[in-house]
Amino acid sequence: MPLLVVGSVALDSVETPFGKADEVLGGSATYFSASASHQTSVKLVGVVGSDYPVDKLDEALRTRGIDLAGLERAEGESFRWRGRYRHDLNSAETLETRLGVFSHFRPKLPEQFKSARYVFLANIDPRLQLQVLEQVDKPKFVACDTMNFWIESRRGDLMELLKHVDLITLNDGEARQLTEQANLVQAARWILARGPKTVLIKKGEHGAFMFTKDSIFYAPAYPLEAVFDPTGAGDSFAGGFMGYLARTDDLSEANLRRAVVIGSAMGSFVVEAFSITRLLSVTRDDIDRRVADFHRLVSFDQGMPS
Ligand code: AMP
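Residues numbered from 1 in each chain as written. Predicted model: local features only at pLDDT ≥ 70, side-chain atom pairs only at ≥ 80, totals over all residues. Heavy atoms only, no water.

## Focus: the overall build of the protein
Turning to step 1, where the next piece is worked out: Secondary structure summary: the protein contains 11 helices and 13 strands in total.
Turning to step 2, where the next piece is worked out: For 306 residues, the compact-globule formula gives about 19 Å, and the C-alpha radius of gyration of the protein, at 18 Å, lands near that figure.
Turning to step 3, where the next piece is worked out: Looking at the protein as a whole, 54% of its 306 residues are labelled buried.
Turning to step 4, where the next piece is worked out: Excluding contacts between residues fewer than 6 apart, the proportion of contacts in the protein whose partners are at least 24 apart in sequence is 65%. (Helix = DSSP H or I, 4+ residues; strand = E, 2+ residues; numbered from the N terminus. Rg over C-alpha atoms; globule rule 2.2 N^0.38 Å. Buried < 20%, exposed > 50% of the residue type's maximum accessible area, 1.4 Å probe, protein only. Contact = heavy atoms within 4.5 Å.)

This is the structure:
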């Protein structure tokens, strides 16, 4: 099943304890689609400015079969994000966010995008997420992401968006900020009472929790020896998760759990290099091997009842 994504297509400048990258391909939709393309075909909706290296993006994403018919090229500056990670690689410090052409963007879906059954509203202004959703005919499964920037500046729109999505993914800090609940189980309950049937809370190197009304599932993060740049881990997680759901077209609890592990695997690859580099080189075999590693990581023999 084809998967539609709207989100930022950015130029990122990132500093980590291991190096620096300037104006590299980034953005939530870019990471998401590069990751999801290992599972299914992806249609991307977004905008870039006249200064964007479209050829580079085109080469990277089109070779992965990503449909860029919904990528608008507008006059003006592209979206830019500048961030830094110190030794705690779990949390990015945003140094600058420049919306550029995203501040006047009115998404208009190409006709052939409107029938998408799986939709991911990646991290971007919730007003744009809502505008995209209005144009999709009858999606089977809609998920969204967000971040502190939008929780602070667009809370009302975000609350409206929650009513229209099946699932939300966010990290632990964002979940606490959105819900004003310190406890993550209570934060998840708060969100579940406002629309989504499933809440995915990511905790960086400490893994991810999936909450529904009746269940909690936990998947660890892959214990990597070296994390180079955590940028895009969340979007790549979401790409693996949604890509797998769209490919299998199965929304059972068991399949959602498998999708969380695929997401965790994709998140663990992207952090091995700057930008989307690793997502472009990773193979289906690499992904399968890492999923098998996850299985070994969490299986244990329960032994005799005490
Ligand atoms: P993450 O997966 O959470 O590490 O997301 C990293 C990506 O989010 C970067 O490539 C940024 O360009 C993008 N980003 C940062 N801030 C925003 C924002 N306010 N809205 C949309 N995308 C953003």
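## What about the pattern of salt bridges?
Turning to step 1, where the next piece is worked out: Taken as a whole, this structure holds 22 salt bridges when the rule is applied.
Turning to step 2, where the next piece is worked out: As a salt-bridge pair, K43 and D67 come within 3.7 Å of each other at their nearest N and O atoms. Separated by 24 residues along the polypeptide, K43 in strand β4 (residues 42-48) and D67 in strand β5 (residues 67-73) bring together distant segments of the chain.
Turning to step 3, where the next piece is worked out: Note on D67: relative accessible area 25%, which makes it partly exposed.
Turning to step 4, where the next piece is worked out: Here E96 ties to R82 by a salt bridge, and the two come within 3.2 Å at their closest N and O atoms. Of this pair, E96 sits in strand β7 (residues 93-98) while R82 is found in strand β6 (residues 79-84), placing the two residues 14 residues apart along the sequence. (Salt bridge = Lys/Arg side-chain N within 4 Å of Asp/Glu carboxyl O.)

## Side note on the site of the ligand
Turning to step 1, where the next piece is worked out: Near the ligand you find 17 residues, and of these S8, D12, G27, G232 and D235 are the closest.
Turning to step 2, where the next piece is worked out: Measuring from an oxygen atom of the ligand, one finds a backbone N or O atom of G232 at 2.8 Å.
Turning to step 3, where the next piece is worked out: Between an oxygen atom of the ligand and a main-chain N or O atom of G234, the distance comes to 3.1 Å.
Turning to step 4, where the next piece is worked out: Taken by itself the ligand offers 510 Å² of open surface, and the protein chains cover 88% of this.
Turning to step 5, where the next piece is worked out: Among the secondary structure elements, those contributing two or more residues to the shell around the ligand are β2 (10-16), β6, α4 (148-153) and α8 (233-248). (Near = heavy atom within 4 Å. Polar contact = N/O pair within 3.5 Å; in protein donor to acceptor, adjacent residues only side chain to side chain. Areas by Shrake-Rupley, 256 points an atom, 1.4 Å probe, with all protein chains shown as cover.)

## Comments concerning the sheet that holds strand β3 (residues 19-26)
Turning to step 1, where the next piece is worked out: As summarised here, the arrangement of the four strands in space is β3-β2-β6-β7, forming an open sheet in which the pairing is mixed. The outermost strands of the open sheet, each flanked by one partner alone, are β3 and β7. Adjacent strand axes in the sheet meet at a mean angle of 15°, parallel and antiparallel pairs treated alike.
Turning to step 2, where the next piece is worked out: Here six bridges tie β2 to β6, and the two strands are oriented parallel to one another. Paired with E15 across the strands is R84, a residue of β6. (Pairing = 2+ DSSP bridges. Axes fitted to C-alpha atoms, helices over the stretch in contact; angles between N-to-C directions.)

## Quick word on the pairing of strand β8 (residues 118-121)
Turning to step 1, where the next piece is worked out: Where burial is concerned, the two faces of β8 agree: the one with Y118 and F120 and the one with V119 and L121 are both buried.
Turning to step 2, where the next piece is worked out: The sheet contact formed by strand β1 (residues 3-6) and β8 spans four bridges and is parallel. The residue bridging L3 from the neighbouring strand is Y118, located in β8.
Turning to step 3, where the next piece is worked out: Judged from the four bridges that link them, β8 and strand β9 (residues 141-145) form a sheet pairing that is parallel. Directly across from F120, in β9, lies its bridge partner A143.
Turning to step 4, where the next piece is worked out: Remark: the β8/helix α3 (residues 126-135)/β9 crossover connection has right-handed handedness. (Right-handed = clockwise from strand over helix to strand, strands pointing away.)

## So, helix α2 (residues 54-62)
Spacing of three or four residues puts side chains on the same side of an α-helix, whose turn is 3.6 residues.
Turning to step 1, where the next piece is worked out: Those residues of α2 not exposed but buried are V54, L57, A60 and L61. Buried residues of α2, seen end-on, are gathered within an arc of 135° and therefore sit on one face of the element. Exposed and oriented more than 90 degrees from the buried face of α2 are D55, K56 and E59.
Turning to step 2, where the next piece is worked out: Of the surrounding secondary structure, the elements contacted by the buried residues of α2 are β3, α1 (28-36), β4, β5 and α10 (277-281). (Arc of directions from axis to C-beta.)

## Quick look at the pairing of strand β10 (residues 167-171)
Turning to step 1, where the next piece is worked out: Judged by how many residues are buried, β10 sits mostly within the fold: four of five residues are covered.
Turning to step 2, where the next piece is worked out: For β9 and β10, the ladder comprises three bridges, and the chain directions are parallel. In the sheet register, C144 faces β10, and the bridge partner there is I168.
Turning to step 3, where the next piece is worked out: Bridging between β10 and strand β11 (residues 198-202) involves five bridges; their strand directions are parallel. Residue pairing across strands places L170 opposite I201, the latter belonging to β11.

## A short note on the environment of G267
Turning to step 1, where the next piece is worked out: With respect to the secondary-structure elements, G267 resides in helix α9 (residues 253-270).
Turning to step 2, where the next piece is worked out: Placed 46 residues apart in sequence, G267 and A221 show a C-alpha to C-alpha distance of 8.3 Å.
Turning to step 3, where the next piece is worked out: In contact with G267, not counting residues within four places along its chain, are A233, S236 and F237.

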